[in-house]
Amino acid sequence: MKKLMFAAFALLLFAGFSFTDDLSPFPIQDIYTPLGMLGSGLNNPSGIFIDRHDRIFLADRNNNRIVQLNRAGEIVQEISETLNQPEGVFVADNGDIFVADTGNRRIVRFDSNGEYIFSFGQPDDIRLQNTMFIPMQVAMDLRGNLYVLLLGSNEGIMVMSQDGEFLGFFGRNQTPLTFTERLLRFIYTEEQIRTNLNRVAPSPSALAVAQDGFIYTATQATDSGQLKKLNVNSEDMFVNRNFQVSQFNPMALSALTVSDSGVIFATDRNNGLVYIYNSNGELLAAFGELLTGGNFRVGVFGDPVGIAVNSQYELFVVDRTYNSIHVFSPTDLMLNLVAGTQMNLAGRHDYAEQNWNNVLRENSFIQVANSGLGRVYHRRGDYLTAMQFMRRAVNQELYSEARWQQRIIVIRQYFGIFAAVLAILAAFWLIFAKILRLQIVWVKNTTNVENSQNKNAGQGRAILLPTGQNSALRVWERPGFYGLKNFASALNVLKSPSDTFYGCEKNGGVFVAIAWLVVYLLAAFFAMGLTNFAFNATGLNGFSLGNFLAVNLLPIPIWVIAGYLVGTITKGQGKFSSIFVSTVYALMPLTIFRVPLAIISQALTLAEVSIYLMLQGIMWIWVVILQFSAIREVQGYFAGETIKNTAWMLFVSAMMIVFAVALYGVALQSYSFLDEFVRELIGLV
Amino acid sequence: MFDKFRKFGKINKNNNVDKLVNSENFTKIENNNPKIVRFNRLKMFGKNVLKKLVFTAIFVGFVAVLLLVRNFNQNRESLAVLPLSPPPIAVNSTILQGNGFVPVLENDNFILSLDLDSGNIEMYDKQANYTWRSVPSAEEMALEEGNQLWLGNLQSPLMLTITDNLLGVSTNLANIHNQNVTITARLLDSPNEQDEQDERDEKSVEVNFSFDNLNIELAYNLTLTNDGFILEIVWVNDNNESPFLVDFTVFPFMGATHGNSEIDGYLFLPDGPGGLVQFNSNRGFNHSFIQPIFGRDFAFTTDSTITTVVENGQFAEPIVNFPVFGINRNNNALMAVVQAGEADIIGNPAMVQTGFNSAYARFVYRRSYRVLTNAQTNEGFFRFAETPVLSTFIDIATFSPLATIENNSIRYYFLHNAGWLQMAQNYRDYLAERYNLQRLQPLQTGQTGQTGQRIPFTLNIIGGDMAGSAFVPLTTFNQAENIASFLHENGITNANLIIHGWQRRGNSVRSPQKYPIPRQLGGASGLNNFMQHAQNLGYSVILADNFSTIQQTGNGIRLRRDTVFNAQGFPLFGGWHLTSTASEQMLQREQNRLSNANGILLQNLFALSDFNPNEPKNRATSMQNNRNFVQNLQQIIQNSQSIQDIQNAQNLQIFLESPQTYLLQNGIAVKNMPIGGTNLIVIDETVPFLPIAFHGYTPFFGEIYNRISSVDMLRALAVGALPSFELVFAEDFRQLDNTILFSSQFDRRASEFVAVYNRFSEVYSQIQGKIIKFYREIDGVIEVHFEGEILYVNLNQAEIMHNGRVIPPQDFLLIQ
């Protein structure tokens, strides 16, 4: 459903996206307003840097210069001395300007007036034999070390002292091996591994040093760790997380900047987006559009290569396609969003509340705001409200946490009443059970005169019923209610499976099985709706009958047909009907216990997820055992045969699915071929 | 059935037939036993039959494909067009003879001179003592360093794009200097079509261009008016042979100004509400403004990735809503309105195309389109349409033309002491005159604002939508009644309640399966009760409905018969549009269901060419049909209303989604007036041209209040774009298929909306029906003069002193 929704919105003029917890985008109102384009006469501009005084520095690559622009885009300072295609610029707190002089393969330092101080090239170090010193970007951390991003360096970022002394490499990307590559490692010789499995780490594409001392890198063409927040030990605070947004093209972060407050802005050149993350790496929002064709607009990105943000959160995106800089000003929504999340992270929840309320006033969908406000209430001890907001935010973890707290409160509050009610119920049971003569009895068919014709001799069931002779409740004992009786007798599968499966298709067993199948589907449906939000966030939202039946019903006929086919080629005795009935009966644990389990889940929180999973596991193992027993009983196999044939059944089921998919694919292909053929023919005439 | 198979299998197994078959004995038996031999023959025969059948099937399939293709071709043949006949030469015509510029037409304000050698013109404005030229003056040409082709184009009154091959994409530019051309000029005593509305003079001049080597002919006619002239293309033809005509521009460099000249000014282009390109502003972006009037014609857009329908009131791409462009040169202004014809409006900043800043309308003769060969991968190739867009389609049954085509024409205005504001005011008068629009009645505002009439509180209410396969009721009709009561209790006497998502599947309605109205909302009776209730409170109810697009067939709609086809001969890819006839039929079928509504919000109404062989038409015809449709709908609504209702509804029966100017008439309101630009980088400044042209005549709304910032709201106020709000009753954070909800829950926002309305309605009520005489924005303060009132709007975060009056931050001030 979400996919559909996005398909519908993809072309709309909404500049903003917010995201669900699983990083699915949905449209929101503008978070940034396009103001216009900045700069004229630029030629292949590259890195941009905004210093503490909101001065804008730009590496104007093909004009071989560094320019300082004012807010109107006019050049107020120009450094072109001896530079050759500089790509990166950084301004230290004292105003000194560091330039990654890419064409000259060196780092140059200028003072604030643009006077040359000194420069250095490749450090003379034995460890750098294989390293090409082609600096793309440069930044300085709080201790005064320089971080230099080198072109195509798979060693990571080069750390240097201010004098150009090599200190080491930093933030090297990992080279994860795929499954096949792991396998090949076993097979290949040393030589082959060296030549064929020589995976080099992707080199970072962007670099930023934040006020909090962390170093941020961005990497393109990688499946995880696209964005990294590295401490001085080169440990990634984002633990190599995958930042890929679903339904978008694979992300390619081309530029990166971090505001003074720790908000991360990154451009994605594959999707034409600017992502905005809080300092925990949570995606707050995104905006922008990819340039396709000739719609050259502010906010439609061609090749974003640099990004910078000033103290007012105004955003500057350098775009090579335009030879210019897109400028955006933040909306109130954006400012509140940023303030809220940073206040939350700083633990100043009371301040955050106002921001989050402002955000939600404008858009009640935004999940980060809902979970942010949930955190505020959680901290305040209002767990019920917190739960409500976490539910809106689809944040199962924090929801469960709030629920845990709430449960403690409830238990504490109502423990007395709860105990009293239990005691009273127990007393009632003791007193009235005697009077009503309610007891659990084992009803044998043979004991029943009216049912003497029933051929299911030996069948029985455990039920709770009044044993009084003329009880009106004993309807199933009467003639004309065999159906109901047979229906109930299917429950015996839980107690004595073999007996039940034997001859189960007789006496209208097929109809009983169909009835149970309906019950099974209903149970599946209700379990879906009743399960605790913490365990199943989807619930019945976006319920689709087709999907539901495909998951819950379709496997049954496939399994039955597979069973029948395997049975015919082996010496199975099972008839089609008996296989069907036994399969449905074998699902009984699910049919009976799914709904109770869902109800039990309501009392649990994520802390007790193991209990929930265990109960669910028992249920499923039970089903598997019953299925196994059903096959053995119905087909009359020995145990060994059963295992073999069950394996065959699995294989046949899989083949059936594969065949159906293939057939569908072939049909589609041949249709589209014909279609294409006709169209091309018509187009030509 | 399965048991039988099973038995068979068992027998097989028990009798060991497999072994027998594989043994060598069996072959021997086969050779000897006559029965087996016969069986074998039978088998061979069977095989042959099968083979024959397969071959026959392949053959039949091939023939079927051929027939299919032929059939499509026949369809295309039936689209053949009536050749345009050249205009009759007027009786009182005299051929002009001589050389160089000759004054040919004159009235009180202008003298028009024609260059008999080239067909260029000079327009002398007597009052301003200023001359407008169709080609740059010699001084300005001296600044140009173009190549031969463009130097030729710059000095030509005509610029043609031609192609040798319709199946290619390569084109050439032709002008009178790089081709052999015979130019004949005639003076006509009476114009071809006497049109009293245009205040035209009797006399006109007609210039005929015959490109001998290209076999292309073109003739334009010029008639003076009080404020300029009307250019009409009376004849254009490429004789349907190579080289083919692709498009043509008359006077492409009229008013063009060289970037290096001293002349100050700007181009005016129809981007969003109106955009300016300053003469000195080219920052090396190298981009032009090229936009088709009224957006792309989807019949020529065979791109499977492009949506051709509106979703959520938002369209996939910004479109040009008004066919106007202009040039301001040193306080003199030229404004041109494309009155008829399929055209692209083009604005070129200096140094993009030539050294000149220029703006013009390029008439399309053949649209190019892509032959889509694979809808899945969106592969295809480009070609030019065989059928010119100007063509008159013939009804193949009667061989009579299906529509008469208005000649392409542009009305030029020459204004002095004028800029974009005066252009807007002239365009306002043009619209009022052309579409016979009445001024809106100013409201009788009371002293306190409470007792007097106020503008309506316009509220969008969403009924329901789908989430997957589940219908989600957002506001039941009962709850909508509660909303109406709430408004009434809060002193709102006048409201438009626009109901969305009231049909089957709510906002995700799959037309034509629109009914029944979901019972979860209250069904048809619930809707009726709600309308009754609202109307009793004095409110008018507007239903959002769509008679133009369908999502599925059925209900008497057939895809091949009833939908618009693209140039490739298929129903449109990005969404199916109904043909005009089918739309009308749908309206006829459903009109009874709408009879209680006070108005209809028309969704998805586009003007498209149609290549459906049942009903072929070009875009101009389609526009005329759309106009007729809107008129019919308005009539239906009016007929079903009592006088009481009409008073309540302020006589607004039709709400349009966007300001498509060709649909304007009395009783129409526009729901989404663009206030901001579309951020095209070629545009330097966005100006409220269109709102100013509309204000006082056609009510229009800005973006829904829920979706805009406070600054946007103030900007909307400054141009008189009415506020509208959106509410739902249910919780609003659910993920729905087709509805964008921001914050719209009734409990949370209703009171706030009433407060916002109360804050703004007084100003809106006082400026209702008054035209905008002056508009200026300086440093975040907007000053607007209406007839008698001056409105100051402060967009800044700080308060502003203006003429001794304080305007609080982000607030406004209205002075009588």
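Every value quoted in this text rests on a predicted model; they were computed, and no experiment measured them. Note that residues are indexed from 1 along each chain, following the sequence as it is written. All chains are assigned letters beginning at A, and all ligands numbers beginning at 1, according to the order in which they are written. Side-chain atom pairs in this predicted model are given and counted only at pLDDT of 80 or more, local residue features only at pLDDT of at least 70, and totals for whole chains, interfaces and linings cover all residues. Heavy atoms throughout the structure, all of them, feed into the side-chain values; hydrogens and water do not.

Participant: Looking at this structure, how should I read the overall build of chain B?
Facilitator: Working definition: helices are DSSP H or I runs of at least four residues, strands are E runs of at least two. Numbering for both runs from the N terminus. Counting its secondary structure elements, chain B contains 16 helices and 44 strands. Sorting the 816 residues of chain B into buried and exposed places 58% on the buried side. Contacts between residues were defined by any pair of non-hydrogen atoms, one from each residue, lying within 4.5 Å. Relative to all contacts within chain B whose residues are 6 or more apart in sequence, the contacts with residues 24 or more apart total 67%. Each accessible area value is a Shrake-Rupley result obtained with a 1.4 Å probe; residue values ignore everything except the protein chains displayed when judging cover. Carbon and sulfur atoms form 50% of the exposed surface of chain B, whose accessible area is close to 33,700 Å². Partly exposed describes any residue whose relative accessible area lies between the buried limit of under 20% and the exposed limit of over 50%, with all areas from a 1.4 Å probe on protein chains only and scaled to the type maximum.

Participant: Explain the overall build of chain A to me, please; I cannot follow it from the model alone.
Facilitator: Within chain A, the regular secondary structure consists of 17 helices and 29 strands. Taken across its 685 residues, chain A has 51% of its residues classed as buried. In chain A, the share of contacts with a sequence separation of at least 24, taken over all contacts with a separation of at least 6, comes to 53%. Within the structure as shown, chain A displays about 32,500 Å² of accessible surface, and the carbon and sulfur contribution to it stands at 60%.

Participant: What is the right way to look at the pattern of salt bridges in this model?
Facilitator: Charged atoms that come close allow side chains of opposite charge to pair. Between Lys or Arg on one side and Asp or Glu on the other, a salt bridge is scored when a side-chain nitrogen of the former is within 4 Å of a carboxyl oxygen of the latter. Counting across every chain of the model gives 40 salt bridges over all chains. Here Asp96 of chain A ties to Arg109 of chain A by a salt bridge, and the two come within 2.9 Å at their closest N and O atoms. Pair noted here: Asp96 of chain A is in the loop between β8 (88-91) and β9 (97-101) and Arg109 of chain A is in strand β10 (residues 106-110), with a separation of 13 residues, a long-range link. The same class applies to Asp96 of chain A as to Arg109 of chain A, namely buried. The shortest N-O distance in the salt bridge between Glu122 of chain B and Arg133 of chain B comes to 3.4 Å. In this pair, Glu122 of chain B sits in strand β5 (residues 121-125) while Arg133 of chain B sits in strand β6 (residues 130-133), placing the two residues 11 residues apart along the sequence.

Participant: Mind showing me how you'd approach the sheet that holds strand β13 (residues 146-150) of chain A here?
Facilitator: Two strands in a sheet stick together by hydrogen bonds in their backbones, pointing the same way (parallel) or opposite ways (antiparallel). Residue and element names in this part refer to chain A. Strand order across the open sheet formed by 4 strands is β12-β13-β14-β15, with antiparallel pairing between neighbours. The strands lining the two open edges of the sheet, one partner per strand, are β12 (135-140) and β15 (166-170). Across the sheet, the mean angle separating the axes of adjacent strands is 25 degrees when strand polarity is ignored. Across 5 bridges, β12 lies against β13 in antiparallel orientation. Following the sheet pairing, Pro135 is matched in β13 by Leu150. DSSP calls a pair of strands paired once it identifies at least 2 bridges connecting them. Whenever a helix is involved, its axis is fitted only over the stretch in contact; in every case the axis is a line through C-alpha atoms, and angles between N-to-C directions fall within 0 to 180 degrees.

Participant: Explain the packing of helix α8 (residues 477-489) of chain B against helix α16 (residues 746-767) of chain B here, please?
Facilitator: Helix packing geometry: the angle between the two helix axes and the distance between the axes. All names here are of chain B. Relative to each other, α8 and α16 sit at 35 degrees, their axes nearing to 11 Å. For the crossing formed where α8 meets α16, the hand is right-handed. Between α8 and α16, the contacting residues are Ile483, Phe486 and Leu487 on the first element and Phe746, Ala750, Ser751 and Val754 on the second. In this count, Pro and Cys sit with the nonpolar residues alongside Ala, Val, Leu, Ile, Met, Phe, Trp and Tyr, while Asp, Glu, Lys and Arg are called charged and the others, Gly among them, polar. When the residues that make up the contact of α8 with α16 are grouped by side-chain class, the tally is 6 nonpolar, 1 polar and no charged. What makes a crossing left-handed is the near helix being turned counterclockwise from the far one by less than a right angle; a clockwise turn instead makes it right-handed.

Participant: Explanation requested: the environment of Asn336 of chain A in the structure shown.
Facilitator: Residues and elements named next belong to chain A. Take Asn336: it is sitting in helix α4 (residues 332-345). In this view, Asn336 contacts Asn355, Asn358 and Val359; residues no more than four positions away in its chain are not counted. Side chain to side chain, Asn336 and Asn355 meet in a polar contact 3.1 Å long. Two N or O atoms count as a polar contact when they lie within 3.5 Å, although within protein this holds only if one can serve as hydrogen donor and the other as acceptor, and sequence-adjacent residues are included solely when both atoms are side-chain atoms.

Participant: Teacher, can you tell me more about the packing of aromatic side chains here?
Facilitator: Each aromatic pair joins two rings of Phe, Tyr and Trp (for Trp, the six-membered one) with centres within 6.5 Å, and gets the label stacked for planes under 30 degrees apart, edge-to-face for over 60, and tilted for any other angle. Tallying each qualifying case throughout the model produces 57 aromatic pairs over all chains. Ring plane angle 40 degrees and centroid distance 5.8 Å describe the contact between Phe209 of chain B and Tyr220 of chain B, whose orientation is recorded as tilted. Of the two residues, Phe209 of chain B sits in strand β10 (residues 204-211) while Tyr220 of chain B sits in strand β11 (residues 216-225), which places them 11 residues apart along the sequence. Neither Phe209 of chain B nor Tyr220 of chain B differs from the other in exposure class; each is buried. On the numbers, 5.1 Å between centres and 80 degrees between planes, the contact of Phe457 of chain B with Tyr757 of chain B is edge-to-face. Of this pair, Phe457 of chain B sits in strand β27 (residues 457-462) while Tyr757 of chain B sits in helix α16, and the two are 300 residues apart along the sequence. This pair shows no difference in class: Phe457 of chain B is buried, exactly as Tyr757 of chain B is. An aromatic cluster is defined as three or more aromatic residues linked by ring pairs; in this entry it consists of Phe110, Tyr130, Trp132, Phe209, Tyr220, Phe229, Phe251, Tyr412 and Phe414 of chain B. A ring is considered to have a charge above it if a Lys NZ or an Arg CZ atom is located within 6 Å of its centre and within 35 degrees of its normal. Lying across the ring of Phe214 of chain A, Lys229 of chain A places its NZ or CZ 4.6 Å from the centre. Lying across the ring of Tyr515 of chain B, Arg593 of chain B places its NZ or CZ 3.9 Å from the centre.

Participant: Mind showing me how you'd approach the sheet that holds strand β4 (residues 110-115) of chain B here?
Facilitator: All names here are of chain B. Spatial ordering of the open sheet is given by β3-β4-β5-β6, a layout of 4 strands whose pairing is antiparallel. Looking at the sheet topology across the chains shown, the edges are occupied by β3 (101-106) and β6. Between one strand and the next, the sheet's axes are offset by a mean angle of 25 degrees, whatever the strand orientation.

Participant: What exactly am I supposed to notice about the pairing of strand β39 (residues 774-778) of chain B here?
Facilitator: Put simply, side chains in a regular strand alternate between the two faces of the sheet. Residues and elements named next belong to chain B. Direction of pairing for β39 relative to strand β40 (residues 781-785): antiparallel, over a ladder of 5 bridges. Paired with Glu777 across the two strands is Ile782, which belongs to β40. The hairpin turn running from β39 into β40, its antiparallel successor, is 2 residues long, and Asp779 in that turn takes a positive phi close to 50 degrees.

Participant: Can you help me understand the side chain of Asp60 of chain A in this one?
Facilitator: Residues and elements named next belong to chain A. Inspection of the secondary structure assignment puts Asp60 in strand β5 (residues 56-60). Note on Asp60: relative accessible area 0%, which makes it buried. The residues touching Asp60, leaving out its near neighbours within four places in the chain, are Gly41, Leu42, Asn43, Asn44, Pro45 and Arg65.

Participant: Honestly, the environment of Ala716 of chain B in this entry has me stumped. Any pointers?
Facilitator: Counting through the fold element by element, Ala716 of chain B comes out in helix α15 (residues 710-718). Sequence separation of Ala716 of chain B and Asn618 of chain B is 98 residues, and the distance between their C-alpha atoms is 36 Å.

Participant: Any chance you could explain the pairing of β40 of chain B here in plain terms?
Facilitator: Residues and elements named next belong to chain B. Counting buried positions along β40 yields 4 of 5 residues, so the element is predominantly enclosed. As judged from the 5 bridges shared by β40 and strand β41 (residues 790-794), these two strands associate in the antiparallel manner. Looking at the pairing, Val781 lines up with Asn794 of β41. Counting the residues in the hairpin turn of β40 and β41 gives 4 residues, including Gly788, whose phi is positive at 105 degrees.

Participant: Just to check I follow, could you spell out the nonpolar core for this structure?
Facilitator: Nonpolar side chains in soluble globular proteins generally cluster together in the buried interior. Buried Ala, Val, Leu, Ile, Met, Phe, Trp, Tyr and Cys residues form a nonpolar core when they are joined through side-chain atoms within 4.5 Å. With 188 residues, the main nonpolar core has Tyr220, Phe229, Tyr412 and Tyr427 of chain B as its most contacted residues. Ranked by size, the runner-up nonpolar core spans 59 residues in total, among them Ile28, Ala285, Tyr377 and Ala386 of chain A.

Participant: Got a minute to help me understand helix α11 (residues 580-590) of chain B in this structure?
Facilitator: Since one α-helical turn is 3.6 residues long, residues separated by three or four positions face the same way. Taken residue by residue, α11 of chain B has Ser580, Ala582, Ser583, Glu584, Met586, Leu587 and Glu590 of chain B as its buried positions. Contacts from the buried residues of α11 of chain B go to β31 (540-545), β32 (549-550), α10 (559-562) and α12 (619-639) of chain B.

Participant: How should I be thinking about the environment of Leu543 of chain B in this particular structure?
Facilitator: Residues and elements named next belong to chain B. For Leu543, the location among the structural elements is in strand β31. It is 5.7 Å that separates the C-alpha atoms of Leu543 and Ile498, two residues lying 45 residues apart in sequence. Beyond its immediate stretch of four places on either side in the chain, Leu543 contacts Ile499, Trp502, Leu527, Leu594, Ala597, Gly599, Ile600 and Leu601.

Participant: How do you make sense of unusual backbone geometry when you look at a structure like this?
Facilitator: Note on backbone geometry: most residues besides glycine have negative phi, and most peptide bonds are trans. Across the junction of Ser511 of chain B and Pro512 of chain B, the peptide omega takes the value 5 degrees, indicating a cis bond. At Asn64 of chain A, a position not held by glycine, the phi torsion is positive, near 55 degrees. Tracing the backbone shows Asn64 of chain A in the loop between β5 and β6 (65-69). Given a relative accessible area of 28%, Asn64 of chain A falls into the partly exposed group.

Participant: Sorry, what's going on with the packing of helix α15 (residues 588-601) of chain A against helix α16 (residues 609-635) of chain A here?
Facilitator: All names here are of chain A. Relative to each other, α15 and α16 sit at 180 degrees, their axes nearing to 11 Å. On the basis of the axis angle, α15 is roughly antiparallel to α16. Residues Pro589, Leu590, Phe593, Arg594, Leu597 and Ser601 of α15 touch α16, and the partners they reach there are Tyr612, Leu615, Gln616, Met619, Trp620, Trp622, Val623 and Leu626. Counted by class, the contact of α15 with α16 contains 11 nonpolar, 2 polar and 1 charged residues. Oblique is the label for every angle not falling under 35 degrees (roughly parallel), over 145 degrees (roughly antiparallel), or within 65 to 115 degrees (roughly perpendicular).

Participant: Help me out: how do you make sense of the confidence of the model for chain B in this one?
Facilitator: Note: predicted coordinates in regions of low pLDDT should not be interpreted at a detailed level. All names here are of chain B. Each residue carries a pLDDT value, the predictor's own confidence for that position, ranging from 0 to 100. Averaged over all residues, the pLDDT of chain B equals 84, while 84% of them reach at least 70. Confidence drops under pLDDT 50 across residues 1-30; counting only partners more than four residues distant or on other chains, this segment forms 20 contacts. In the predicted assembly, ipTM is 0.81 and pTM is 0.80.

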